[in-house]
Amino acid sequence: MTDPIILGTVALDSLETPFGKVKDVIGGSATYASIAASFFSKPGILSIVGKDFPKQNIKLLNEKGVNTQGIATGNKTFRWQGYYEFDMNEAKTIRTELNSLESYKVEIPEDYKNAKYIFLANIDPELQLDVIKTIKKPELIVMDTMNFWIEHKKEQLLKTIDKADLLILNDSEARQLFDTPNLVKAANAALKLHTHAVIIKKGEHGALLFTDNKHFNAPGYPLENIKDPTGCGDSFGGALTGYLAKTQDISEANLRKAVVYGSIIASFNAEDFSVERLKSVNKSDIEKRYKEFKAMREF
Ligand code: AMP
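Chemist: Looking at this model, I keep getting lost on the overall build of the chain. Mind explaining?
Modeler: Broken down by element type, the chain carries eleven helices and 13 strands. Its C-alpha radius of gyration of 17 Å places the chain within 12% of the 19 Å reference for a compact globule of 299 residues. Taken along its principal axes, the extent of the C-alpha atoms in the chain is 55 × 40 × 40 Å. A buried classification covers 57% of the 299 residues belonging to the chain. Of the contacts formed within the chain by residues at least 6 apart in sequence, a portion of 66% connects residues at least 24 apart. Just so you have it, the chain exposes about 13,500 Å², and 49% of that area is on carbon and sulfur atoms. For the chain, the distance from the average site of its 39 positive side-chain charges to the average site of its 40 negative ones is 3 Å.

Chemist: Is there a simple way to explain the sheet that holds strand 1 (residues 5-7) in this structure?
Modeler: Where strands meet in a sheet, backbone hydrogen bonds hold them as pairs that are either parallel or antiparallel. Spatially, 5-4-1-8-9-10-11-12-13 is the arrangement adopted by the nine strands of the open sheet, whose pairing is mixed. The open sheet terminates on both sides in strands that have one partner only, identified here as strand 5 (71-74) and strand 13 (215-218). The average undirected angle you get between the axes of adjacent strands in this sheet is 15°. By the bridge criterion, four bridges tie strand 4 (residues 44-50) to strand 5 in an arrangement that is parallel. Considered in strand 5, the bridge of Val-49 is made with Thr-73. This element, helix 1 (residues 29-37), spans strand 1, strand 4 and strand 8 (117-120) of the sheet and lies at about 160° to strand 1.

Chemist: Got a minute to help me understand the pattern of salt bridges in this structure?
Modeler: Between side chains of opposite charge, pairing is possible as soon as their charged atoms come close. Within the structure shown, the criterion is met by 17 salt bridges. Two residues, Glu-63 and Lys-59, come together in a salt bridge whose shortest N-O distance is 3.8 Å. In this pair, Glu-63 and Lys-59 both sit in helix 2 (residues 55-63), four residues apart, roughly one turn of the helix. Look at Glu-63 and you get exposed, because its relative accessible area is 58%. Lys-59 gets classed as exposed once you look at its relative accessible area, which sits at 54%. We note a salt bridge from Glu-97 to Lys-76, for which the minimum N-O separation is 3.4 Å. Of this pair, Glu-97 sits in strand 7 (residues 92-97) while Lys-76 sits in the loop between strand 5 and strand 6 (78-83), and the two are 21 residues apart along the sequence. A residue is classified by how much of its surface remains accessible, and Glu-97, at 22% relative accessible area, is partly exposed.

Chemist: Just to check I follow, could you spell out the layout of surface pockets for this structure?
Modeler: If a probe as big as a water molecule is rolled over the atoms, it shows which places are left empty. When its volume is computed, the second largest pocket comes out at roughly 270 Å³. Those elements that place two or more of their residues in the lining of the second largest pocket are strand 2 (11-17), strand 3 (20-27), strand 6 and strand 7. Among the elements that make up the lining of the second largest pocket, the one with the highest residue count is strand 6 (five residues).

Chemist: What should I look at first to understand the nonpolar core in this one?
Modeler: Buried together is how nonpolar side chains tend to be arranged in soluble globular proteins. The biggest cluster of nonpolar side chains holds 57 residues, and the ones touching the most others in it are Ile-199, Phe-236, Leu-240, Val-259, Ile-264, Ile-265 and Ile-286. The biggest single contributor to this core is helix 9 (residues 252-269), with nine residues. Apart from residues lying up to four places away in sequence, Ile-264 is in contact with Ile-286, Arg-289, Tyr-290 and Phe-293. Counting residues in hydrophobic clusters, the runner-up holds 47 residues, among them Leu-15, Ile-108, Ala-115 and Leu-127.

What counts, and at which threshold
- Residues numbered from 1 in each chain as written.
- Predicted model: local features only at pLDDT ≥ 70, side-chain atom pairs only at ≥ 80, totals over all residues.
- Heavy atoms only, no water.
- Helix = DSSP H or I, 4+ residues; strand = E, 2+ residues; numbered from the N terminus.
- Rg over C-alpha atoms; globule rule 2.2 N^0.38 Å.
- Buried < 20%, exposed > 50% of the residue type's maximum accessible area, 1.4 Å probe, protein only.
- Contact = heavy atoms within 4.5 Å.
- Areas by Shrake-Rupley, 256 points an atom, 1.4 Å probe, with all protein chains shown as cover.
- Lys, Arg positive; Asp, Glu negative; His and termini not counted.
- Charge placed at Lys NZ, Arg CZ, Asp CG, Glu CD.
- Pairing = 2+ DSSP bridges.
- Axes fitted to C-alpha atoms, helices over the stretch in contact; angles between N-to-C directions.
- Salt bridge = Lys/Arg side-chain N within 4 Å of Asp/Glu carboxyl O.
- 1 Å grid on protein atoms, 1.4 Å probe; cavity = no way out; pocket = protein on both sides within 12 Å on 5 of 7 lines; lining within 4 Å.
- Points joined across faces, edges and corners; volume = space filled by probe spheres on them.
- Core = buried A, V, L, I, M, F, W, Y, C linked by side-chain atoms within 4.5 Å.

As structure tokens, then:
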């Protein structure tokens, strides 16, 4: 059964890091998130591409076990262009072309209708809200966002957050959205909304999980070989939701494990451009890194 459903962008990215440059490669929040989720469960994407989107990219998603029935076809694919300097925790956007996303109306395929886990990856918060309204009450709604939507649609974004169960943000977005330099204050402000849990990602330094009365701090994997961090946040959220859908357990203890699996898949993703590294990761690579994470936390 298709579960989780992942709403987000399927994109053509052009970007440069200190380690190289790529043009019109497959990217987008739903792309990274669904491949990351596919290591644990059978995700389905909700998104739109254009006629210019290469068919082999859809084939690649299908080979990874991703259901692409929910990818509509419009005129032109969403495009993102950006670069990173030596501090690779922050992507600098040169251009965002929404293209077919501007007129996208979400339509949920029959196959997706019984999914219990929803990941609203980074996309227009109005589309995120449409999905929440359309789908039967799921077990868990996880949502992510980014500075672009905080700057352009803050009011709509706060309305969507109010309907989500688990909010994922990176540290600078949390400060920006809740207007405070202090991450604990930002997390508490989010918890005052409907949200049951908040995860604040700190790039290569790991992630913080806040629930009503508990706090968990997952380290980042000490990677020596980082080429391109694009999609790490999406891979984190996708793997986390995929793991929760597989285990059907949203207790705080299992959320901690989901955060660790999210960090592991994100760490693999950074090792190469686009989805190149995620294409070849296998279950034993993941379990090996899981054991290393466990050892790293012991003292
Ligand atoms: P991340 O590095 O996890 O924040 O995600 C990077 C991916 O998000 C890239 O592949 C882009 O195509 C996509 N992206 C960039 N800007 C946006 C946006 N405003 N909304 C949705 N997706 C975006």
